[in-house]
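# Remarks on the overall topology
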Amino acid sequence: MTSATRQHPLVELSGVQKWFGDLHVLADVDLAIDAGEVVVVIGPSGSGKSTLCRAINRLEPIQQGEIRVDGELLPEEGKALARLRADVGMVFQNFNLFAHKTVLQNVTLGPVKVRHRSKGEADKRARELLDRVGVGNQADKYPAQLSGGQQQRVAIARALAMDPKVMLFDEPTSALDPEMINEVLDVMTSLARDGMTMVVITHEMGFARRAANRVVFMDGGRIVESADPETFFTRPTSDRAKDFLSKILTH
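Criteria and thresholds
- Residues numbered from 1 in each chain as written.
- Predicted model: local features only at pLDDT ≥ 70, side-chain atom pairs only at ≥ 80, totals over all residues.
- Heavy atoms only, no water.
- Pairing = 2+ DSSP bridges.
- Helix = DSSP H or I, 4+ residues; strand = E, 2+ residues; numbered from the N terminus.
- Axes fitted to C-alpha atoms, helices over the stretch in contact; angles between N-to-C directions.
- Contact = heavy atoms within 4.5 Å.
- UniProt positions renumbered as here; feature names shortened; annotations may be inferred.
- Buried < 20%, exposed > 50% of the residue type's maximum accessible area, 1.4 Å probe, protein only.

This part is about the sheet that holds strand β4 (residues 64-69). Taken in spatial order, the four strands make up an open sheet running β2-β1-β4-β5, and their pairing is antiparallel. Edge positions in the sheet fall to β2 (23-33) and β5 (72-73), since each has one partner strand and no second. For β4 and β5, the ladder comprises two bridges, and the chain directions are antiparallel. Considered in β5, the bridge of R68 is made with L73.

Here the focus is the pairing of β2. Where a strand is regular, its side chains alternate between the two sheet faces. In this structure, strand β1 (residues 11-20) lies alongside β2, joined through seven bridges in antiparallel fashion. Looking at the pairing, E12 lines up with A32 of β2. Connecting β1 to the next strand, β2, in antiparallel fashion are two residues, including G21 with a positive phi near 60°.

Before going further, it helps to examine the sheet that holds strand β6 (residues 88-91). Across the sheet, six strands lie side by side as β6-β7-β8-β3-β9-β10; this open sheet has mixed pairing. One side of each edge strand has no neighbouring strand; the edge strands of this open sheet are β6 and β10 (222-227). Each strand of the sheet is rotated relative to its neighbour by a mean of 20°, with strand direction disregarded. With four bridges connecting them, strand β3 (residues 38-42) and strand β9 (residues 214-219) associate as parallel partners. The partner of V40 across the bridge, within β9, is V215. Along the sheet, helix α5 (residues 148-160) contacts β6 and β7 (166-170); its crossing angle with β6, the most-contacted strand, is approximately 170°. Contacts from helix α9 (residues 239-248) reach β3, β9 and β10, with the element oriented near 100° to β9.

All right, on to the UniProt feature "domain: ABC transporter" (unreviewed entry) in the protein then. Mapped onto the present numbering, the UniProt feature "domain: ABC transporter" (unreviewed entry) falls on residues 11-245. Secondary structure content for residues 11-245 is 38% helix and 26% strand, while the C-alpha to C-alpha distance between its ends is 27 Å.

Attention now moves to unusual backbone geometry. In the Ramachandran plot, R58 falls in the positive-phi region, its phi being about 60° despite a non-glycine side chain. Within the secondary structure, R58 is located in the loop between α1 (49-55) and β4. Residue classification places R58 among the buried residues on the basis of a relative accessible area of 12%. Phi at F95 is positive, roughly 70°, even though this residue is not glycine. Position of F95 relative to the elements: it lies in the loop between β6 and α3 (103-113). Note on F95: relative accessible area 12%, which makes it buried.

Structure (structure tokens):
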């Protein structure tokens, strides 16, 4: 179904509640993300950003509310959940590559096992994606032989190889040395330009200004503010967002 014929948001959270013990980490969260939209979620540590991201593919179960991906209610478990997860690419803070597999094997594993692609087809597509993210010449190496920035770009290629409907990025540059951050953000910016639906948890405000259609500001498990980047960074409406921005934009 194309975005022109889709009658619903691609990702929709309604009344989502999540507790860790007594800690209310997601408090009545409503969020709708359209196909092709890039939503950057920012906020102080402990505000619920990563939990929100991980709830979208049920890496974190929720206690109340509903999450839908392309109109389908997120299943609790089993094959239906695995099938839906295949439509939701995830890029983690610490890459999560298989150390004992080559770069190429890391990228082809999902398409062969989950999407039932032939090895030849998966290899061809993987090499195209590795070229696209700028590490095509590293295909036969192992993750430990790569820099952090290269490993994260492999992780992005691996997620893309599943042809996901939406990509989730959970602080994808926070484990990287400063000089490697831009090489990953450049790949993400290019994906955004190509129309990939993305939810990005990040501290990189330059990326948020450059690539986001919408900035969502969270605090205390709630969405406090949601606006286009220009409005959010120049005219935030909540005192909490003003305070947050005054601390991070002056450094």
